[in-house]
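Structural overview for review
Here is how the chains run, residue by residue.
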Amino acid sequence: MMQKIRILVVLGALIFSSCGQNSKNQRFLPPSTGAVNSVMVVMENDLWQGAIGDKVREHFAARVLAVPQSEAIFSLIQIPPQIFSGAVTNSRSVLYVQQDSLSIAHVKTDVYASPQKVAVVKGRNYQELVSNLDTVASKAIEAFRSNEINEAQKRFKRSLNREADLKEEFGIVMDIPSAYTVGKHENNFVWIDRQIPKGNMNILAYTMPGNSFSTDSTFVRDIVKMRDSIGKLFIPGPDVPGKQTYMVTETAFAPYIFPAEVNGYQAAEVRGIWEMKNYPMAGPFLTYIINDKKNNRKLILEGFIFAPSANKRDDLLELEAIMKTLEFEE
């Protein structure tokens, strides 16, 4: 009997010890913090003020494509490693650059907080630091931007628009913040907008035939023609005596086009500047041309902004985050 009791006591101690170890292994991570599109750069002041800092700025403060004013893709906040402690380590996006006895270039997830991305770059000399920054930059930028998109989506999902125009017209749904409302709904066209302090933010949805944009040599021209025709039909400008005003694609520069995915759906991403024909208005646009094979059509989602003299980088991110919640109804 005593032997059985000893065995039970030993088993109980083992189970308790195992539970204790598991609880220790499961670290509690505080929520990450940080302004939209900001990166905490942890590196010595002399590195930041020299050529290595220039290389960091070359990659992580590069100009945002297709916006009227010059804006950096990220706002960089530099601190030396000695200060990187406490609440500062909870920053959502961190770039850690250090001259060391190791040569490292990688991106880590949820090191000090969650959600968090930490890009670590180390090198034994100037050449290795530069090479490692060049190596990891595109991956780190993609990771930081993806984290920002996810954070934006998490925030606006707390209060969503319940209008069903997109579902009724196209059989799609998106998570759209309640600050946006449907301003126009016509056959094969829905316009949703939000008023902001210095202008407005807009989302358009419409479709094109499935065989549209089938020729590579005319792809850009076809996109511009499509946008301009939609603008003429549905997006008028202010009244000007004797002139017709409507949205068109800026003629001075061709839009940027990239392959993309929108929530898993194959798409083309188009970034450019819109302007108002016969009237001095302009701003950035972001268009997704989504291949909807099931319905033999191209679904077009476009976000555009009118906000004179205001920065537009963060507003473009919000529009991108909204459009990337796209789902097709079964």
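We now turn to the structure provided with this report. Since the structure is predicted, the reported quantities are computational estimates derived from the model, not experimental observations.

Some points on the environment of Tyr265
- Note that Tyr265 resides in strand 12 (residues 265-276).
- Residue class for Tyr265 comes out partly exposed when judged on its relative accessible area of 22%.
- Spatially, the C-alpha atom of Tyr265 lies 17 Å from that of Leu319, the residues being 54 residues apart in sequence.
- Excluding its chain neighbours within four sequence positions, the residues that come into contact with Tyr265 are Ala260, Ile290, Leu326, Glu327 and Phe328.
- Within the local environment of Tyr265, its side chain forms a polar contact with the backbone nitrogen of Phe328, the two atoms lying 3.5 Å apart.

A closer look at the packing of aromatic side chains
- What the rule picks out here adds up to eleven aromatic pairs.
- A ring pair is formed by Phe189 and Phe234, whose centres lie 4.0 Å apart and whose planes are at 10°; its orientation type is stacked. Highlighted residues: Phe189 in strand 8 (residues 189-196) and Phe234 in helix 6 (residues 219-234), separated in sequence by 45 residues. Each member of the pair, Phe189 as well as Phe234, carries the same accessibility label: buried.
- Plain terms: the ring middles of Tyr265 and Phe328 are 4.8 Å apart, the flat faces sit at 85° to each other, and that makes the pair edge-to-face. Placement of Tyr265 in strand 12 and of Phe328 in strand 15 (residues 327-328) is noted, with a sequence separation of 63 residues between them.
- Following the ring pairs from residue to residue traces out a cluster consisting of Trp191, Trp274, Phe304 and Phe306.

Quick notes on the pattern of salt bridges
- Under the defined criterion, the tally for this structure stands at 18 salt bridges.
- Notably, a salt bridge pairs Glu318 with Arg194, separated by 2.7 Å at the nearest N-O pair. With Glu318 in helix 7 (residues 313-323) and Arg194 in strand 8, the pair connects residues that are 124 residues apart, well separated along the chain.
- By relative accessible area, Arg194 is classed as partly exposed at 24%.
- Across the pair Asp292 and Arg297 runs a salt bridge, and its minimum N-O distance is 2.6 Å. The same class applies to Asp292 as to Arg297, namely buried.
- The structure contains a network of salt bridges with shared partners spanning Arg145, Glu269, Arg271, Glu320 and Lys324.

Focus: helix 7
- The buried fraction of helix 7 amounts to nine of the eleven residues, a majority that puts the element mostly inside the structure.
- Taken as a whole, helix 7 has its buried residues at Arg313, Leu316, Leu317, Glu318, Leu319, Glu320, Ala321, Ile322 and Met323.

What about the sheet that holds strand 5 (residues 117-123)?
- Taken in spatial order, the five strands of this open sheet run 2-1-3-5-4, and their pairing is mixed. Pairing within the sheet leaves two strands with one partner each, and these edge strands are strand 2 (75-79) and strand 4 (104-109). Shown here is a sheet whose adjacent strand axes are inclined to one another by a mean of 20°, direction ignored.
- Bridge count between strand 3 (residues 93-99) and strand 5: seven bridges; the pairing is parallel. By the bridge assignment for strand 5, Val94 is matched with Val118.
- Sheet strands in contact with helix 4 (residues 126-156) are strand 1 (38-42), strand 3, strand 4 and strand 5, and its direction is about 180° off that of strand 5.

Definitions and cut-offs
Residues numbered from 1 in each chain as written. Predicted model: local features only at pLDDT ≥ 70, side-chain atom pairs only at ≥ 80, totals over all residues. Heavy atoms only, no water. Helix = DSSP H or I, 4+ residues; strand = E, 2+ residues; numbered from the N terminus. Buried < 20%, exposed > 50% of the residue type's maximum accessible area, 1.4 Å probe, protein only. Contact = heavy atoms within 4.5 Å. Polar contact = N/O pair within 3.5 Å; in protein donor to acceptor, adjacent residues only side chain to side chain. Phe/Tyr/Trp six-rings, centres within 6.5 Å; stacked < 30°, edge-to-face > 60°. Salt bridge = Lys/Arg side-chain N within 4 Å of Asp/Glu carboxyl O. Pairing = 2+ DSSP bridges. Axes fitted to C-alpha atoms, helices over the stretch in contact; angles between N-to-C directions.

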